[in-house]
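The chain contents come next:
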Amino acid sequence: SWAGENGYAGGSPYCSSKHGIEGLTKCLAKELIDLNPENKILTCCLSPGFVNTEMLKGSFAETCAKQQNIENGDEWAEKTCQWILDLNNK
């Protein structure tokens, strides 16, 4: 995510957890190269961008999300999970 790649003042816990997930995904992908020569297991780190979640409640970002018709977390998750499952069929 943007936060995992860039960081911002006051966001140390949030940004470091995002950075950790991205780092774990990259390391696992490299480890799987030797352990998984037929590419039966792949890694992917999804960075959804801006999603209207409970974390935004009461913030200016919540107002922006509503004005821009940004989908909520449940809508994003449902659409994205289906997209991931469909990857196997392509």
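Residues numbered from 1 in each chain as written. Predicted model: local features only at pLDDT ≥ 70, side-chain atom pairs only at ≥ 80, totals over all residues. Heavy atoms only, no water.

Asks: What is the right way to read the environment of Pro-37 from this model?
Replies: Residue placement: Pro-37 occurs in the loop between helix H2 (12-35) and helix H3 (60-67). In this structure the C-alpha to C-alpha distance between Pro-37 and Ala-77, which are 40 residues apart in sequence, comes to 31 Å. (Helix = DSSP H or I, 4+ residues; strand = E, 2+ residues; numbered from the N terminus.)

Asks: Could you clarify how one ought to interpret the layout of surface pockets in this entry?
Replies: Here the idea is plain: a probe the size of a water molecule rolls over the atoms and shows the empty space left. For the second largest pocket, the calculated volume is near 190 Å³. Around the second largest pocket sit Asn-39, Lys-40, Ile-41, Leu-42, Thr-43, Cys-44, Leu-46, Ile-84 and Leu-87, which together line it. (1 Å grid on protein atoms, 1.4 Å probe; cavity = no way out; pocket = protein on both sides within 12 Å on 5 of 7 lines; lining within 4 Å. Points joined across faces, edges and corners; volume = space filled by probe spheres on them.)

Asks: Where do I start with the environment of Lys-66 in this structure?
Replies: Looking at where Lys-66 falls in the secondary structure, it is placed in helix H3. Along the primary structure Lys-66 and Pro-37 are separated by 29 residues, whereas in three dimensions their C-alpha atoms are 46 Å apart.

Asks: Any chance you could explain unusual backbone geometry here in plain terms?
Replies: A negative phi angle is the norm for most residues apart from glycine, just as the trans form is the norm for most peptide bonds. Here the phi dihedral of Asn-39 falls at roughly 55 degrees; this positive angle occurs in a residue that is not glycine. Mapped onto the fold, Asn-39 is located in the loop between H2 and H3. For Asn-39, a relative accessible area of 52% translates into the label exposed. (Buried < 20%, exposed > 50% of the residue type's maximum accessible area, 1.4 Å probe, protein only.)

Asks: For this particular structure, what's the right way to read H2?
Replies: One full turn of an α-helix is made of 3.6 residues, so residues set three or four places apart face in the same direction. For H2, built from 24 residues, the straight-helix expectation of 34 Å at 1.5 Å per residue is met to within 8% by its first-to-last C-alpha distance of 34 Å. For H2, the full list of buried residues reads Cys-15, Glu-22, Thr-25 and Leu-32. On its buried face, H2 is in contact with helix H1 (2-6). (Expected span 1.5 Å × (residues − 1). Contact = heavy atoms within 4.5 Å.)

Asks: Would you take a moment to explain a nonpolar patch on the surface for this structure?
Replies: On the surface, Leu-46, Trp-83, Ile-84 and Leu-87 cluster together into a nonpolar patch covering about 350 Å² of accessible area. Position of Trp-83 relative to the elements: it lies in helix H4 (residues 73-87). (Patch = residues over 30% accessible without salt bridge, like charges linked within 9 Å, V, L, I, M, F, W, Y side chains within 5 Å. Areas by Shrake-Rupley, 256 points an atom, 1.4 Å probe, with all protein chains shown as cover. Salt bridge = Lys/Arg side-chain N within 4 Å of Asp/Glu carboxyl O.)

Remember that the coordinates give geometry; whether it matters functionally is a separate question.
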